[in-house]
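Chain by chain, the residues run as shown.
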Amino acid sequence: NAGVMQNPRHLVRRRGQEARLRCSPMKGHSHVYWYRQLPEEGLKFMVYLQKENIIDESGMPKERFSAEFPKEGPSILRIQQVVRGDSAAYFCASSPRLAGGADNEQFFGPGTRLTVL
Amino acid sequence: LAKTTQPISMDSYEGQEVNITCSHNNIATNDYITWYQQFPSQGPRFIIQGYKTKVTNEVASLFIPADRKSSTLSLPRVSLSDTAVYYCLVGDVFTGGGNKLTFGTGTQLKVEL
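None of the values given here were measured: they were computed from a predicted structure.

I keep staring at the sheet that holds strand E1 (residues 5-7) of chain A and nothing clicks. Help me out?
Picture the strands of a sheet paired through backbone hydrogen bonds; they go either parallel or antiparallel. Residues and elements named next belong to chain A. With antiparallel pairing, four strands are arranged side by side in an open sheet as E1-E3-E8-E7. Of all the strands in the sheet, the pair left with one neighbour each is E1 and strand E7 (65-68). Averaged over neighbouring strand pairs, the angle between their axes works out to 15° when direction is ignored. Relative to strand E8 (residues 75-79), strand E3 (residues 19-24) runs antiparallel, the two being bridged by five bridges. If you follow Arg-22 over to E8, its bridge partner there is Ile-76.

Mind showing me how you'd approach unusual backbone geometry here?
Excluding glycine, most residues fall at negative phi; most peptide bonds, likewise, are trans. Residue and element names in this part refer to chain A. Cis rather than trans, the peptide bond between Asn-7 and Pro-8 has omega equal to -5°. By the secondary structure assignment, Pro-8 is in the loop between E1 and strand E2 (10-13). We note that Arg-64 has phi near 75°; this positive angle belongs to a residue other than glycine. On the secondary structure map, Arg-64 appears in the loop between strand E6 (53-56) and E7. Positive phi is not limited to glycine here, since Gln-81 has a value of about 45°. Tracing the chain through its elements places Gln-81 in the loop between E8 and strand E9 (88-95).

Teacher, can you tell me more about the pattern of salt bridges here?
Where charged atoms from two side chains of opposite charge approach closely, those side chains can pair. All names here are of chain A. This structure, assessed with the given rule, holds three salt bridges over all chains. The closest approach of N and O atoms between Arg-64 and Asp-86, which form a salt bridge, is 2.7 Å. Remark: Asp-86 occurs in the loop between E8 and E9 and Arg-64 occurs in the loop between E6 and E7; sequence separation between them is 22 residues. A relative accessible area of 24% places Arg-64 in the partly exposed class. Given the relative accessible area of 3%, Asp-86 is considered buried. Salt bridges sharing common partners tie together Glu-18, Arg-20 and Arg-78.

What's the story with the side chain of Gln-6 of chain B in this structure? I'm lost.
Residues and elements named next belong to chain B. Secondary-structure assignment places Gln-6 in the segment before strand E1 (9-13). A polar contact is formed between the side chain of Gln-6 and the backbone oxygen of Tyr-86, at a distance of 2.8 Å. Those residues in contact with Gln-6 that sit more than four places away from it in its chain are Ile-20, Thr-21, Cys-22, Trp-35, Tyr-86, Tyr-87, Cys-88, Gly-106 and Thr-107.

Got a minute to help me understand the nonpolar core in this structure?
The nonpolar side chains of a soluble globular protein tend to be buried, and buried together. Core analysis: the largest hydrophobic core is formed by 23 residues, its most contacted members being Trp-34, Met-46, Leu-77 and Tyr-90 of chain A. If you list the elements that add at least two residues to this core, you get E3, strand E4 (31-37), strand E5 (43-50), E7, E8, E9 and strand E11 (112-116) of chain A. If we skip the residues at most four places from it in the chain, Tyr-90 of chain A touches Gln-6, Leu-21, Tyr-35, Arg-36, Met-46, Phe-65, Leu-77, Ile-79, Gly-111, Thr-112 and Leu-114 of chain A. Among the nonpolar cores identified, the runner-up in size contains 20 residues, and Ile-27, Ile-33, Trp-35 and Leu-109 of chain B belong to it.

Explain the sheet that holds strand E6 (residues 61-64) of chain B to me, please; I cannot follow it from the model alone.
Residue and element names in this part refer to chain B. Pairing is antiparallel in the open sheet, where four strands are placed in the order E2-E7-E6-E5. Sheet topology places strand E2 (18-23) and strand E5 (53-56) at the edges, where each strand pairs with a single neighbour. Recorded for the sheet is a direction-independent mean angle of 15° between the axes of neighbouring strands. As judged from the four bridges shared by E5 and E6, these two strands associate in the antiparallel manner. Bridge pairing links Thr-53 to Ile-64 in E6.

What is the right way to read the state of the cysteines from this model?
Where two cysteines share a covalent bond between their sulfur atoms, that bond is called a disulfide. Taken as a whole and assessed by the stated rule, the structure comprises two disulfides over all chains. Across the disulfide, Cys-23 of chain A is cross-linked to Cys-92 of chain A (sulfur-sulfur distance 1.7 Å). Handedness of the Cys-23 of chain A-Cys-92 of chain A disulfide follows from its S-S torsion of about -50°: it is left-handed. Residue Cys-23 of chain A is found in strand E3, and its partner Cys-92 of chain A is found in strand E9; the two are separated by 69 residues along the sequence. Overall, Cys-92 of chain A belongs to the buried group, its relative accessible area being 0%. Between Cys-22 of chain B and Cys-88 of chain B runs a disulfide, and the two sulfur atoms are separated by 2.2 Å. Since a negative S-S torsion denotes a left-handed disulfide, the Cys-22 of chain B-Cys-88 of chain B link at about -75° is left-handed. A residue pair is termed long-range when its members are at least 10 positions apart, and Cys-22 of chain B in strand E2 and Cys-88 of chain B in strand E8 (residues 84-91) qualify at 66 residues.

Definitions and limits used
Residues numbered from 1 in each chain as written. Chains lettered and ligands numbered in written order. Predicted model: local features only at pLDDT ≥ 70, side-chain atom pairs only at ≥ 80, totals over all residues. Heavy atoms only, no water. Pairing = 2+ DSSP bridges. Helix = DSSP H or I, 4+ residues; strand = E, 2+ residues; numbered from the N terminus. Axes fitted to C-alpha atoms, helices over the stretch in contact; angles between N-to-C directions. Salt bridge = Lys/Arg side-chain N within 4 Å of Asp/Glu carboxyl O. Buried < 20%, exposed > 50% of the residue type's maximum accessible area, 1.4 Å probe, protein only. Polar contact = N/O pair within 3.5 Å; in protein donor to acceptor, adjacent residues only side chain to side chain. Contact = heavy atoms within 4.5 Å. Core = buried A, V, L, I, M, F, W, Y, C linked by side-chain atoms within 4.5 Å. Disulfide = S-S within 2.5 Å.

From the geometry alone we can't say anything about function, so treat these as descriptive.
Right under this line is the structure:
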């Protein structure tokens with residue numbers, strides 16, 4: 001059973017361009033979470049999705065950021081008109097059920113490191 | 001928000017037991033306590049999770065007092081490969097919202113020979 005896959009692993013964009021980050025959850029997992037990690041900081045929750053639904057996007061900036069998890073295919077985190085402050089590592093995690101409960105760990109992908117020039 | 005507080009860093013030597021304590025005074029009734037390990041340039045990896053008392057698995061133990069306002073991750077006989085950042089996470093998305101899944105700055109554990 002392959003783990004959580006993220007691609008690309010590294011992404012370089014110029015200011016104003018769009019960044020698309022992809023996450024394929026573990027097989028059988030229908031819950032996906034996106035986190036952002038700035039240098040020397042902990043991971044910050046951005047958004048929680050189930051298939052075709054956004055459950056909680058309270059941690060995601062209101063503008064320029066969007067996320068989806070279609071019925072088929074990977075989850076996508078999309079950042080429009082990137083700025084230098086968007087440079088960070090973006091991690092995706094998946095779980096079979098709601099995270100935080102008993103026996104319900106999140107499995108993290110290797111992350112995508114976004115650099116905005 | 002159930003804020004967590006951990007020491008910024010800890011040093012140890014191979015073969016020693018390491019205990020990392022996390023304070024979470026505002027923990028809610030439905031919150032579980034989860035610890036993750038993160039190596040540089042990798043995603044966090046689940047270590048252990050508990051609700052109260054003591055939990056033990058093949059890599060660690062988790063001690064939670066009755067008031068649940070703190071928890072201690074115990075790593076028996078650490079090795080060089082245990083050098084990593086350890087995060088304490090308190091939350092339950094279902095009742096508390098996604099922001100309860102925000103990690104703190106973690107504890108940088110450095111193990112030396």
